[in-house]
Amino acid sequence: GQQLNQSPQSMFIQEGEDVSMNCTSSSIFNTWLWYKQDPGEGPVLLIALYKAGELTSNGRLTAQFGITRKDSFLNISASIPSDVGIYFCAGQLVGQGAQKLVFGQGTRLTINP
Amino acid sequence: DTGVSQDPRHKITKRGQNVTFRCDPISEHNRLYWYRQTLGQGPEFLTYFQNEAQLEKSRLLSDRFSAERPKGSFSTLEIQRTEQGDSAMYLCASSSPGAGDTQYFGPGTRLTVL
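Since this is a predicted model, take the numbers as computed values, not measurements.

Trainee: How should I be thinking about the overall build of chain B in this particular structure?
Mentor: Along its length, chain B carries zero helices and eleven strands. Put simply, chain B runs from its N terminus to its C terminus through helices and strands in the order β-β-β-β-β-β-β-β-β-β-β. For a compact globule of 114 residues, the expected C-alpha radius of gyration is about 13 Å, and chain B comes in at 13 Å, within 12% of that figure. Reported as C-alpha extents along the three principal axes, the dimensions of chain B are approximately 40 × 25 × 25 Å. Among the 114 residues that make up chain B, the fraction classed as buried is 49%. For chain B, contacts bridging at least 24 residues in sequence account for 54% of all contacts bridging at least 6. As displayed, chain B has an accessible area near 5600 Å², and 45% of this comes from carbon and sulfur atoms.

Below you can see the structure in the form of structure tokens.
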């Protein structure tokens, strides 16, 4: 099925470092969302973006909805151990009738103490 | 806890058996979704309900799969004659058009078919 191109696939960083990940698509979306998933659990919503060009922050997290509607990025500042997990971007399709989400393949974040 | 709940959290079954999963959405959400997630991948859309109406089904949803939401509240997903390839995490999400239609996920049901 269709998926977004999410990069990087994995990141190994030191505690305190900043993190950046992004998603691109050949399709236009009208909503972008970022989720975090811990092992054996469902995705937890981090940030939702509804307008092209929108820049939104949630604590140490910042995300932007690309102006072309085909990309988004997520930044995490000053990483801490509880940031470890898999981060997924998801886009909601335009004009398809359904409200289904299309997901990226995830970015696995590992933090070295 | 007023989030999305799923039951069971884990299910181990033998090939050929039928299994049924339940999802209880956030109470004021009228839209409910089922996704499937295999190891190392993002979730993939299966089907979607608005109230009790099933409005879209993915091609991933073979004829062995059926989903219902009879009263527009909880939903069930049944898999008949399970195959090893059905092993995955089955995720349920719900949303409300009045709240940006943002989808909130439950904890998932991990299915293992032996």
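Trainee: Please clarify how the pairing of strand β4 (residues 31–37) of chain B should be interpreted in this entry.
Mentor: For a regular strand, side chains alternate in direction, first toward one face of the sheet and then toward the other. Residues and elements named next belong to chain B. Of all seven residues in β4, seven are buried; the element is thus mostly enclosed. With burial as the criterion, each face of β4 is covered, one bearing R31, Y33, Y35 and Q37 and the other bearing L32, W34 and R36. Of the strand pairs in this sheet, β4 and strand β9 (residues 88–95) are connected by seven bridges, and their pairing is antiparallel. The residue bridging L32 from the neighbouring strand is S94, located in β9.

Cut-offs applied
Residues numbered from 1 in each chain as written. Chains lettered and ligands numbered in written order. Predicted model: local features only at pLDDT ≥ 70, side-chain atom pairs only at ≥ 80, totals over all residues. Heavy atoms only, no water. Helix = DSSP H or I, 4+ residues; strand = E, 2+ residues; numbered from the N terminus. Rg over C-alpha atoms; globule rule 2.2 N^0.38 Å. Buried < 20%, exposed > 50% of the residue type's maximum accessible area, 1.4 Å probe, protein only. Contact = heavy atoms within 4.5 Å. Areas by Shrake-Rupley, 256 points an atom, 1.4 Å probe, with all protein chains shown as cover. Pairing = 2+ DSSP bridges.

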